[in-house]
Amino acid sequence: QVQLVESGGGLVQAGGSLRLPCAASGSRSSIVGMSWYRQARGKRRELVANITSGGTTNYADSVKGRLTISRDTAKNTLYLQMNSLKPEDTGAYYCHLRRSIDPYEYWGQGTHVTVSA
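In this text, all values refer to a predicted model and were calculated from it rather than measured experimentally.

**Q** It is not clear to me how the pattern of salt bridges should be interpreted in this structure. Could you clarify?
**A** It is possible for side chains bearing opposite charge to pair when their charged atoms get close. Evaluation of the coordinates by the stated rule reveals five salt bridges. Here E46 ties to R38 by a salt bridge, and the two come within 2.7 Å at their closest N and O atoms. With a relative accessible area of 35%, E46 lands in the partly exposed category. Among the residues examined, R38 registers a relative accessible area of 6% and is labelled buried. Close ionic contact of D89 with R38 constitutes a salt bridge, the shortest N to O distance being 2.7 Å. Of this pair, D89 sits in the loop between β8 (77-82) and β9 (91-99) while R38 sits in strand β4 (residues 31-39), and the two are 51 residues apart along the sequence. The exposure class of D89 is buried, given its relative accessible area of 1%.

**Q** Would you mind going over the state of the cysteines with me for this structure?
**A** Should the sulfur atoms of two cysteines be covalently bonded, the bond is a disulfide. Within this structure, the stated rule accounts for one disulfide. Sulfur-sulfur distance for the disulfide between C22 and C95 comes to 2.1 Å. Measuring the twist about the S-S bond at about -85 degrees, one finds the C22-C95 disulfide to be left-handed. With C22 in strand β3 (residues 18-26) and C95 in strand β9, this pair connects stretches of sequence that are 73 residues apart. When its relative accessible area of 0% is taken as the criterion, C22 is described as buried.

**Q** Where do I start with the nonpolar core in this structure?
**A** For soluble globular proteins, nonpolar side chains are generally found buried alongside one another. The biggest cluster of nonpolar side chains holds 26 residues, and the ones touching the most others in it are L4, L20, W36, L78, L80, M82 and Y93. When residues of this core are traced back to their parent elements, those giving at least two are β1 (2-6), β3, β4, β5 (46-52), β7 (67-72), β8, β9 and β11 (111-116). A per-element tally of this core places β3 first, with four residues. Those residues within four positions of L4 in sequence are excluded, and the remaining contacts are C22, A23, A24, M34, C95, H96, L97, Y106, W107, G108 and Q109.

Calculation notes
Residues numbered from 1 in each chain as written. Predicted model: local features only at pLDDT ≥ 70, side-chain atom pairs only at ≥ 80, totals over all residues. Heavy atoms only, no water. Salt bridge = Lys/Arg side-chain N within 4 Å of Asp/Glu carboxyl O. Buried < 20%, exposed > 50% of the residue type's maximum accessible area, 1.4 Å probe, protein only. Helix = DSSP H or I, 4+ residues; strand = E, 2+ residues; numbered from the N terminus. Disulfide = S-S within 2.5 Å. Core = buried A, V, L, I, M, F, W, Y, C linked by side-chain atoms within 4.5 Å. Contact = heavy atoms within 4.5 Å.

This is how it looks when you write it as structure tokens:
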């Protein structure tokens, strides 16, 4: 089993920066990849960024060049560095993990980010 805990959310002005950590605990075996999702109130949850077990990253077009996903293996922590934030980035951000040995996925509780205009 894996536990994911996001933090670092808050209120920032447009153009500002924020870094969201996701602390992972539990088994590290057979991880396919980890991702950041976000969901604005009343909107569908969307994939923001993904990093594979090999370190390859992928981003939604809307965040390319502004948001960066990374991981610190020693700290067992996933990060989302958010720069040049826009009001459209406002929402709850969720850490996500999938393992090939599990028929289910893991989610953090979410941390809310508000970007004011």
